[in-house]
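In case you want the letters, here they are:
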Amino acid sequence: MGNSNDHLSEAERLERQAEIAETAHVRAALLRMAQASRGAAALLGLFEASREDGQPSITR
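Computed from a predicted model, the values in this text were never measured in an experiment. (Residues numbered from 1 in each chain as written. Predicted model: local features only at pLDDT ≥ 70, side-chain atom pairs only at ≥ 80, totals over all residues. Heavy atoms only, no water.)

**Concerning helix H2 (residues 24-52)**
- A rise of 1.5 Å per residue sets the reference length of H2, with its 29 residues, at 42 Å; its end C-alpha atoms lie 42 Å apart and thus fit the reference within 8%.
- Of all the positions in H2, only Leu30, Ala34, Ser37, Ala41, Leu44 and Ser50 are classed as buried.
- At its buried positions, H2 is contacted by helix H1 (4-19). (Helix = DSSP H or I, 4+ residues; strand = E, 2+ residues; numbered from the N terminus. Expected span 1.5 Å × (residues − 1). Buried < 20%, exposed > 50% of the residue type's maximum accessible area, 1.4 Å probe, protein only. Contact = heavy atoms within 4.5 Å.)

**What about the pattern of salt bridges?**
- The full count for this structure, using the stated rule, is two salt bridges.
- Its salt-bridge partner being Arg13, residue Glu10 comes within 2.7 Å of it at the nearest N-O pair. Of this pair, Glu10 and Arg13 are both found in helix H1, three residues apart, which corresponds to roughly one turn of the helix.
- For Glu10, a relative accessible area of 29% puts it in the partly exposed group.
- Across the salt bridge formed by Arg38 and Glu15, the nearest N and O atoms sit 3.0 Å from each other. With Arg38 in helix H2 and Glu15 in helix H1, this residue pair connects regions lying 23 residues apart in the sequence.
- What makes Glu15 partly exposed here is its relative accessible area of 27%. (Salt bridge = Lys/Arg side-chain N within 4 Å of Asp/Glu carboxyl O.)

Quick look at the structure:
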């Protein structure tokens, strides 16, 4: 699952790949994947912040 920084790094990598993609279809797919990684980073950031605030964490 990684942490929020891992997901942000992945999003940046995907965005760089999108810049050099050969087709618009591939570029769009890479940008959607980058957006999903940024969303995951945001959610993980919220979970990390709630743990720091002393809120109960979500358990499996």
